[in-house]
Amino acid sequence: MLAMMVPSQAFLSFYSYYYVDKLGLGIGLATLARTIYLVWDAVNQPLLGYWSDRTRSRWGRRKPWLYGALPAFAAVFIGLFSVPDGVAATAAEGGLALFYWFLAALVLFETASSVIWVNYGALLPELFAGAAARAKASAVQQGFQMLAILIGTAATPLLFQRLGFGGMSFVYAAVFLVCMLAFLRRLREPPESRSQPPLPFLQAFRVTLSNRSFWIFHLANSFAQTVNGLLSSMIPFYAKYALGIPESQVSLLLASVFVPVIPLVAVWYVIARRLGGLRSWRLALAAYGVSAVPLWIAQGLGGGIAAGVCIGFGLAGFLVTPAVLSGRIIDLDAERTGRRREGVYTAVGGFITRSSGLLSAVAFWIVGLLLGYRSGADPGPHPELAFRVLISLVPVGLLAVSVAISLLYREEEEGPHDKPQEAHPEL
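I will try to describe carefully the structure that is included in this document. Fair warning: this is a prediction, and the values are worked out from it, not measured in the lab.

1. Describing the overall build of the protein
1) Next: When its secondary structure is counted, the protein shows 17 helices and 0 strands.
2) Next: Counting all 427 residues of the protein, 58% fall into the buried class.
3) Next: Counted over contacts in the protein with a minimum sequence separation of 6, partners at least 24 positions apart contribute 85%.
4) Next: Working note: accessible area of the protein is about 16500 Å², and carbon and sulfur atoms make up 69% of it.

2. Some points on the packing of helix α9 (residues 212–242) against helix α17 (residues 383–406)
1) Next: Packing of α9 against α17 leaves a shortest axis separation of 9 Å and a crossing angle of 165°. Relative to α17, the element α9 is oriented roughly antiparallel. At the point where α9 passes α17, the crossing takes the left-handed sense.
2) Next: Looking at the contact of α9 with α17, its residues break down into 24 nonpolar, 4 polar and 2 charged.

3. Brief notes about the side chain of T156
1) Next: Tracing the sequence through the fold places T156 in helix α7 (residues 131–186).
2) Next: With relative accessibility at 0%, the residue T156 sits in the buried group.
3) Next: For T156, the residues in contact, after removing those within four places along its chain, are A10, F14, I151, M168 and Y172.

4. Re the pattern of salt bridges
1) Next: Enumeration over the complete set of coordinates arrives at 2 salt bridges.
2) Next: For the salt bridge of K240 with D21, the shortest nitrogen-to-oxygen distance reads 3.0 Å. Remark: D21 occurs in helix α1 (residues 2–22) and K240 occurs in helix α9; sequence separation between them is 219 residues.
3) Next: With a shortest N-O distance of 3.2 Å, R388 and E384 are connected by a salt bridge.

5. Quick look at a nonpolar patch on the surface
1) Next: Taken together, V140, F144, L147, I151 and I262 make up a surface patch of nonpolar side chains, about 380 Å² in accessible area.
2) Next: In terms of residue count, the dominant contributor to the nonpolar patch is α7 (4 residues).
3) Next: For V140, the position within the fold is in helix α7.

6. Let's talk about the packing of aromatic side chains
The geometry of an aromatic ring pair is captured by two quantities: the separation of the ring centres and the angle between the planes.
1) Next: With the rule as written, the count across this model stands at 30 aromatic pairs.
2) Next: The interplanar angle of 10° and the centroid separation of 6.1 Å between the aromatic rings of F81 and F165 together place this pair among those described as stacked. A residue pair is termed long-range when its members are at least 10 positions apart, and F81 in the loop between α3 (63–80) and α4 (85–88) and F165 in helix α7 qualify at 84 residues. Comparing F81 with F165, the two get one shared label, buried.

Analysis parameters
Residues numbered from 1 in each chain as written. Predicted model: local features only at pLDDT ≥ 70, side-chain atom pairs only at ≥ 80, totals over all residues. Heavy atoms only, no water. Helix = DSSP H or I, 4+ residues; strand = E, 2+ residues; numbered from the N terminus. Buried < 20%, exposed > 50% of the residue type's maximum accessible area, 1.4 Å probe, protein only. Contact = heavy atoms within 4.5 Å. Areas by Shrake-Rupley, 256 points an atom, 1.4 Å probe, with all protein chains shown as cover. Axes fitted to C-alpha atoms, helices over the stretch in contact; angles between N-to-C directions. Parallel < 35°, antiparallel > 145°, perpendicular 65-115°, else oblique. Left-handed = near helix turned anticlockwise from the far one by under 90°. Nonpolar A, V, L, I, M, F, W, Y, C, P; charged D, E, K, R; others polar. Salt bridge = Lys/Arg side-chain N within 4 Å of Asp/Glu carboxyl O. Patch = residues over 30% accessible without salt bridge, like charges linked within 9 Å, V, L, I, M, F, W, Y side chains within 5 Å. Phe/Tyr/Trp six-rings, centres within 6.5 Å; stacked < 30°, edge-to-face > 60°.

What follows is the structure in structure tokens.
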């Protein structure tokens, strides 16, 4: 998680700022690139999950894919933030070279990311059984994620001010490779997970897509995940236009959101153990929505830091609780089919929730269009209002929808394994 999230968070937080505000790419073209990527993502994510489940090797199902994606991910991440000057200059001249560079880098980066996230995401329900074990593993995992998010957000402005965006990308690519190789050396996949013959292709997806609980869970999460994307990508804009603080203080604002999450994941672990997967998940979604309200009224650096601490509580809950319920959905499927299919479930669910990227991009485009923001070169008459709406009002609305969808999940579908229980000693 540390390896993946350092560069991924730097990407989520600053790719829009880099291409739109720094290089001058129009938000309409940026939205178009994101839409094209999602069409591609709709094809590759489910296939990657199915192929991963079918992989048979002496190293396991997931490790060969993870090793193979490492150099591609590092190389494309560097290319994404190292736009040549000649390409960047075409934005001011009305050319499309910057758009094509962005589109190609985005598709390649997200493809490499998909390979890693699908295979990594399939490991948690394989390695940990039961709600208590999964809640604990998820809390530890999210603690490292918050450390990575803190590095990827708060340290990134300091790095690109000193080294440029290209220099920053080399540093994070090196961090990714070192941490990922350390993880893979110690990873031992359970042998029983690859001993069962896989389901045929069409049957595997038919069973997955006919699972009502699966759809409700991931649709609700997709709206909440959109808030994660908006929060990460809009903070640099929010700091500049709404709070009026210099770029050098953006790290403090980002730290105020993500540092408190590290201890707060322990609080949500206790909540998940007491309430079970379903109720703790619903509570986290509601808390996340309420915690976005202070961002609307914050003023200056002090107000922004206070609002950041508030939203960190809701964010921590959303990071910890879904893994408990998701694991139970996969367990129930395995009981019905006799097959463990974490790869397919992770991939298809990942596509649904990652469609939040399109929701985030469309929200940016619509609000910018309505309030006059086009790019850093043409911020329009109301940039402060635009980014207050994007970072507060839009998240509150999205999370209200998320809570409403979560209420459709039937209480009786949460089995006894979702109730608080002790982890197995061997885990």
